[in-house]
Amino acid sequence: MGTKCNYFSTMKAMSLIDLPLEEKTWLQHYGNMHEHMCYREGSIYELLKEMTDKQPDAPALEFFDTVYSFEAMDENINIVANALIKMGVVEDESVTICMPNMPEAIFLIYAINKIGAVANVIHPLSDVNEIRNAVSLTNSSLIFTTDVSYKTVKDAGVPNVVVCEVSMSMPPVLKTLYNIKSRKNMKYSSDTITWKKFVSGMGTIAPSVKRNRDDAAVLIYSGGTTGKSKGIVLSNLCFNALAIQCIAVCPEARPGASMMSALPIFHGFGLCVAVHAPLCLGMKCILIPKIDIKKLNETIKKKKPTIVPAVPTMLKSITNNKNLGPDSFKSVKVILSGGDYLSDDLRAKVIDYFRSCGSKAHIRIGYGLSEATAFFTATAYGAEDIDNIGIPNPDTYIRVCDPVTNEKLPDGEIGEICVNGPTVMLGYVNDKEETDNAIRTHSDGTQWLHTGDLGYLENGILHFTSRLKRMIISNGYNIYPTELENILNKCKYVASSVVVGIKDKVREEAPKAVIVLKNGVQRTAELEAEIKEFCKKNIAKNAQFKEIEFTDALPTTKIGKVNYRIFEKLKDKENEAAEEKEEVTADKE
C-alpha cells in the first residue's frame, strides 16, 4: 500500500467538440430534453454529497430489509475513508474491490474516491488469473472481498486482503440464517483483516483530496465477448455526466423514486446507471447481491421499484416466470434495457407481460459500451415501437464512419458507430496502443471513440446492425448476424439464436445458425424442414444458412450477454480442421 499507479496521471480526457447544427439531426427528436447540461467540476463523491446535504434523512440504500439513509451512508463512507487512510492508501493508488452489490461495496467506492484513490472493480466470482491480471495491471496491493470469494482471492496472492461477509448489513435473523448456511467451517488466515477490524474505531468525518473532473475515478473491465479483457479507466466526469444526463433522458429518475440495482457493479451499466446516477438524483437503490432468475418477479413485487434496469436475458426470464397478479408490477414506471440487443419480439412480449402485472411502464433502450461508461444513446420518450437504438444523450455526438478511412458516411449508409462526449473513457490502463486504436483523431482534427459496432443514421436516429468483428463477408456481400438472429427469433418455434460465419468453398464464408427451440417444441425432421422453409421465405438468397445447429441453451457472459465468442472459437477450430483435411487430401493427390 501507499504506491501510486503512475499511469493514471498520464491519461488525458478526450477533446470534447460541438458539431455544426446541420449535422445534429437528432435534435428534432429531443422534445423537452436540453441539448446541453451543466456538469460538476469535482469528484463523484462530491456530487453525491450535494444530494446528501439536500435530503439527509431520505432512504439511499436498501439491502434485504436494512435501509441506510443518505446521512447514514455518508457516515459509513467517511468511516471507510478514515480506515483506508490509516492503512496508508494514497492518491492515485488502485484499490481493488471484488464484491457483489452490497452496502459495504458502495461505501468503498465513494470512500476510495473521496481520498483521491481509484476503485479497481472486478467480478466477485473472478478466477485466480483474472484477479492477478487486475491487480498487476494497476499495481494494486489491497483487495476487498467477501466470504464467498475469499479462497480464490487468497490463492491470487494479493498482499493485503480485507474480507467482509455478505451478511454484514443483513437484518439479524437473516444474517444468522445466512451464516449458518453459507459460512460453515469458514476460516480466515491470520494475516487477513476482517471488515469489523478494518472499520473499528474510525470517526465519521474524513478529510477529502481535491480531485478534478478529468481525474481517474473507477476502473472496470471489458465484458469478454470480443476477446481479451482490458482495464477501462473512467473519470469523475464520465460518471457525473451520465448521472446528470439521466435527468434529461429519464424524467422518472427523481427524489422519492427507487431503482432495482441488480445489475452488477463491476459493469458500467450496473455501477453508474443503477447506483451512482440514482443516488445523485435522490433515489433509493434496492441492492441485490445476486440475480436469482426465478425470484426476480417476487423481488419486483415485494420491493416495488420505480425503475427496472435489465439486460435482455433478465427481461426474458421475467416474462417466462409465473405471473404474480394484476398489481404485482404496479410500481414500475420505466424499464431500462441495455447491455445487449433487445429483439422486437421480446420487446413486445415484455410490454404485454408488464401490462398484465399492472404496470404502465415504457421501455427505454440504451445503447453504449463500457468504454463510454454505459449508454450514450437512448430511444426517444414513448418510442417503444420503433426499431432503433435511439438518439444521443445531451452533449454527446455520434457519427457513422467508414471503418477503414474514418471518413463520415451519409445517412442510411452502414459504417462504424463513433462517439464523442463527456462519458468516454480516459483509455485502457497500461495499454496506449489499444487506447490509440479505440480513440482516434480524424482528418478534421476531432477525436472519436470507435465502438466496433456497425450501424447507420436515418433522420437523426441511430440504428444498430452488427458488431464490426462479427460481420460475415460472403461472396463480397456484407451479412450482419444480428439481423439474421432477429429474423430467426420471429419463427414460432425458435426461443433464441446466434449466428456465426463458417468456411465455405464457394462463398469463402457463410452464415451458420445455432438455435434454441421453445419449451415443449420437439426437434423432428419435419420441424427442421419448416424452419428451413421459414428461412428461405424471410432471408435473402445470398444470406441463407449453410448449417443449422440445435442446442439446449446459449452460453452467456458474466453480465448476461449471449457469448457468441464461444461459437466463434468453435468455428475457428472447425475451419482449421477443414483446412488441415484439405491439405492432407491435396498431398495424397
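These numbers come from a predicted model, not from an experiment.

Parameters and conventions
- Residues numbered from 1 in each chain as written.
- Predicted model: local features only at pLDDT ≥ 70, side-chain atom pairs only at ≥ 80, totals over all residues.
- Heavy atoms only, no water.
- Pairing = 2+ DSSP bridges.
- Helix = DSSP H or I, 4+ residues; strand = E, 2+ residues; numbered from the N terminus.
- Axes fitted to C-alpha atoms, helices over the stretch in contact; angles between N-to-C directions.
- Contact = heavy atoms within 4.5 Å.
- Salt bridge = Lys/Arg side-chain N within 4 Å of Asp/Glu carboxyl O.
- Buried < 20%, exposed > 50% of the residue type's maximum accessible area, 1.4 Å probe, protein only.
- Phe/Tyr/Trp six-rings, centres within 6.5 Å; stacked < 30°, edge-to-face > 60°.
- Lys NZ or Arg CZ within 6 Å of the ring centre and 35° of its normal.
- Parallel < 35°, antiparallel > 145°, perpendicular 65-115°, else oblique.
- Left-handed = near helix turned anticlockwise from the far one by under 90°.
- Nonpolar A, V, L, I, M, F, W, Y, C, P; charged D, E, K, R; others polar.
- Expected span 1.5 Å × (residues − 1).

Asks: Is there a simple way to think about the sheet that holds strand β25 (residues 494-504) in this case?
Replies: Here we have three strands laid out as an open sheet, ordered β25-β26-β27, and mixed in their pairing. Whereas interior strands pair on both sides, the edge strands pair on one side only; in this sheet they are β25 and β27 (547-550). The mean angle between the axes of side-by-side strands here comes to 25 degrees, regardless of whether they run parallel or antiparallel. Examined bridge by bridge, strand β26 (residues 508-517) and β27 share four bridges and lie parallel to one another. Looking across to β27, one finds that Lys-512 is bridged to Glu-547. Relative to β27, helix α16 (residues 525-538) is tilted by about 130 degrees, and along the sheet it contacts β26 and β27.

Asks: Can you help me understand the pattern of salt bridges in this one?
Replies: Oppositely charged side chains can form a pair if their charged atoms are brought close together. With the rule as written, the count across this model stands at 23 salt bridges. Glu-35 serves as the salt-bridge partner of Lys-24, at 2.5 Å between the closest nitrogen and oxygen. You can see Lys-24 sitting in the loop between α1 (7-10) and α2 (44-54) and its partner Glu-35 sitting in the loop between α1 and α2, a full eleven residues away along the chain. You can call Glu-35 partly exposed: its relative accessible area is 25%. Taking the shortest distance from any N to any O, the salt bridge between Asp-65 and Lys-303 comes out at 3.1 Å. Placement of Asp-65 in the loop between β1 (59-63) and β2 (66-69) and of Lys-303 in helix α11 (residues 296-303) is noted, with a sequence separation of 238 residues between them. A relative accessible area of 53% places Asp-65 in the exposed class. Lys-303 gets classed as buried once you look at its relative accessible area, which sits at 15%. Taken together, the shared-partner salt bridges connect Glu-62, Asp-65, Lys-284 and Lys-303 into one network.

Asks: Please clarify how the packing of aromatic side chains should be interpreted in this entry.
Replies: Centre distance and the angle of the planes are the two values used to describe a pair of aromatic rings. The full count for this structure, using the stated rule, is ten aromatic pairs. Ring centres of Tyr-68 and Phe-107 lie 5.3 Å apart, and the angle between their planes is 80 degrees; this geometry places the pair in the edge-to-face category. Residue Tyr-68 is located in strand β2, and its partner Phe-107 is located in helix α4 (residues 103-114); the two are separated by 39 residues in the primary sequence. Tyr-68 sits in the buried class, given a relative accessible area of 15%. Pairing Tyr-367 with Phe-376 gives two aromatic rings, centres 5.2 Å apart and planes at 70 degrees, and the pair type is edge-to-face. With relative accessibility at 7%, the residue Tyr-367 sits in the buried group. According to the relative accessible area criterion, Phe-376 is buried, its value standing at 1%. Through a chain of ring-to-ring contacts, three or more aromatic side chains come together here, namely Phe-144, Trp-195 and Phe-198. Directly above the ring of Tyr-428 sits Lys-230, whose terminal nitrogen or CZ lies 5.1 Å from the centroid.

Asks: Any chance you could explain the packing of helix α12 (residues 312-320) against helix α13 (residues 344-356) here in plain terms?
Replies: Following both chains from N to C, one finds α12 and α13 inclined at 45 degrees, their axes separated by 10 Å at the closest point. Relative to α13, the element α12 lies oblique. Seen along the crossing, α12 lies across α13 with a hand that is left-handed. Residues Pro-312, Leu-315, Lys-316, Ile-318, Thr-319 and Asn-320 of α12 lie in contact with α13, whose contacting residues are Leu-346, Lys-349, Val-350, Tyr-353 and Phe-354. Classifying every residue of the contact of α12 with α13 by side-chain character gives seven nonpolar, two polar and two charged.

Asks: It is not clear to me how helix α3 (residues 70-87) should be interpreted in this structure. Could you clarify?
Replies: Structural remark: α-helix, 3.6 residues per turn; residues separated by three or four positions point the same way. For α3, with 18 residues, the first-to-last C-alpha span of 26 Å sits near the 26 Å given by 1.5 Å per residue. Listed as buried for α3 are Phe-70, Met-73, Asp-74, Ile-77, Asn-78, Ile-79, Val-80, Ala-81, Asn-82, Ala-83, Leu-84 and Met-87. Looking one or two residues past α3, Gly-88 carries a phi angle of roughly 100 degrees, positive in sign.

Asks: Before we go on, may I ask you to explain the sheet that holds strand β8 (residues 216-221) in this structure?
Replies: Think of a sheet as strands paired side by side through backbone hydrogen bonds, with each pair either parallel or antiparallel. The strand order across the open sheet formed by eight strands is β7-β6-β5-β3-β4-β8-β9-β19, and the pairing between neighbours is mixed. The sheet is open, and its two edges are formed by β7 (193-194) and β19 (427-428), each paired on a single side. With two bridges joining them, strand β4 (residues 118-121) and β8 adopt parallel strand pairing. Bridge pairing links Asn-120 to Leu-219 in β8. Helix α9 (residues 236-249) contacts β8 and β9 (231-235) of the sheet and is inclined by roughly 65 degrees relative to β9.

Distances and angles like these do not, on their own, reveal function.
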